[in-house]
Amino acid sequence: MTQLVTGDEIRAIEAYTITDGALSAEVLTERAAMAALNVLAAGHFDLSKVLVLAGLGGNGADGIALARLLHQAHIPVTLQFVGNLKRANQAVLNQLKAANAAGVSRSEKSDFKEPSLIVDAIFGAGLNKDLPEGLQKMVKAANHIDNTVVALDLPTGIDADTGEVRGAALNAKATIAFGFEKAGCARGQGKKMAGRVMTQNIGLITPTDFTFSIQ
Ligand SMILES: NC(=O)C1=CN([C@@H]2O[C@H](COP(=O)(O)OP(=O)(O)OC[C@H]3O[C@@H](n4cnc5c(N)ncnc54)[C@H](O)[C@@H]3O)[C@@H](O)[C@H]2O)[C@@H](O)CC1
Ligand SMILES: [K+]
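Residues numbered from 1 in each chain as written. Chains lettered and ligands numbered in written order. Predicted model: local features only at pLDDT ≥ 70, side-chain atom pairs only at ≥ 80, totals over all residues. Heavy atoms only, no water.

## With respect to the sheet that holds strand β7 (residues 174-178)
Logical step 1: Pairing in this open sheet of seven strands is parallel, and the strands run β4-β3-β2-β5-β6-β7-β9 from one edge to the other. Edge positions in the open sheet fall to β4 (105-106) and β9 (196-200), since each of these has one partner strand only. (Pairing = 2+ DSSP bridges. Helix = DSSP H or I, 4+ residues; strand = E, 2+ residues; numbered from the N terminus.)

Quick look at the structure:
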């Protein structure tokens, strides 16, 4: 049976992996991006024009790393930030440096009809309030367009614990979950918005005495 985790549980497992396991957050991000690349490149998605929408936290960092790996695999990809980069965390800035060095294309604004595939890396397990109003509008507009969205970890706008929609949520065809499927992708509206959930091993280390709240 699929082991579901809450937001707090995945953060505890990540923290254990980084502190006790001595794996860095960068290693986990790279593994998450490599896992996502493998899923996308397996032949089920049209990769003729990929748009990666990246936020300013850990989920965005995964998306930027994925954009770099897609670019290096000669898959046409454009990276677009959602939110002001001045508020980006250090992981995002580091990934942006790598993406720039690799020559990844950027766009400020996109016609969501154009890409063959949209990767949602705006918010993941860290979402803790309703999406800002401007983003809610963007998400609702994107949902009106018949385009394939693949979410990283969790569709943007879905609460990781409850599956509740926080203002608006992107409707994904598939969700690539890192380490464990988040409970919100199996509950309430999250179950519908996540589409097919594909959970990928990224090398997280779970403490042997860890108790999952969902059995
Ligand atoms: N930390 C790690 O070791 C790993 C993190 N991973 C990725 O990191 C994600 C979690 O990253 P974060 O915890 O940075 O969270 P997110 O990237 O989901 O969100 C970023 C930050 O935005 C803020 N925020 C939350 N809700 C908001 C809202 N409605 N409006 C505006 N700001 C809001 C919070 O401060 C949050 O931390 C996972 O879903 C996964 O994709 C994976 O790469 C695996 C390893
Ligand atoms: K996401």
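## Overview of the site of ligand 1
Logical step 1: Taken together, 21 residues sit near ligand 1, with G58, D62, G124, D130 and D153 positioned nearest.
Logical step 2: Protein chains shield 77% of the accessible area of ligand 1, which is 850 Å² for the free molecule.
Logical step 3: Contributions of two or more residues to the shell around ligand 1 are made by α1 (7-19), α2 (25-40) and α3 (58-72).
Logical step 4: Per-class residue counts for the shell around ligand 1 are nine nonpolar, seven polar and five charged. (Near = heavy atom within 4 Å. Areas by Shrake-Rupley, 256 points an atom, 1.4 Å probe, with all protein chains shown as cover. Nonpolar A, V, L, I, M, F, W, Y, C, P; charged D, E, K, R; others polar.)

## With respect to the nonpolar core
Logical step 1: Counting residues in each nonpolar core, the largest one holds 47 residues, and the members touching the most others are L40, F45, V50, L66 and L70.
Logical step 2: Considering every element that reaches this core, the biggest residue donor is α2, with eight residues.
Logical step 3: Ignoring sequence-local partners within four residues, the contact set of L40 consists of F45, L47, L66, L70, L117, V119, V150 and I176.
Logical step 4: Ranked by size, the runner-up nonpolar core spans 16 residues in total, among them V82, L135, A142 and A172. (Core = buried A, V, L, I, M, F, W, Y, C linked by side-chain atoms within 4.5 Å. Buried < 20%, exposed > 50% of the residue type's maximum accessible area, 1.4 Å probe, protein only. Contact = heavy atoms within 4.5 Å.)

## Focus on the pairing of strand β5 (residues 117-121)
Logical step 1: Of all five residues in β5, five are buried; the element is thus mostly enclosed.
Logical step 2: Side chains L117, V119 and A121 of β5 all project onto a buried face; the interleaved residues I118 and D120 project onto the opposite face, where all are buried too.
Logical step 3: Alignment of β5 against strand β6 (residues 149-152), held across three bridges, turns out to be parallel. Considered in β6, the bridge of I118 is made with V149.
Logical step 4: Crossover β5 to β6 through helix α5 (residues 133-144) is right-handed. (Right-handed = clockwise from strand over helix to strand, strands pointing away.)

## Comments concerning unusual backbone geometry
Logical step 1: Even without being a glycine, H74 presents a positive backbone phi close to 65 degrees.
Logical step 2: H74 gets classed as exposed once you look at its relative accessible area, which sits at 74%.
Logical step 3: Even without a glycine there, the phi angle at D153 is positive, about 70 degrees.
Logical step 4: Mapped onto the secondary structure, D153 falls in the loop between β6 and β7.
Logical step 5: Judged by relative accessible area, which is 9%, D153 ranks as buried.

## Things to note about the UniProt feature "domain: YjeF N-terminal" (unreviewed entry) in the protein chain
Logical step 1: The sites that UniProt annotates as "domain: YjeF N-terminal" (unreviewed entry) are residues 10-210.
Logical step 2: Span residues 10-210 is 36% helix and 16% strand, its end C-alpha atoms 11 Å apart. (UniProt positions renumbered as here; feature names shortened; annotations may be inferred.)

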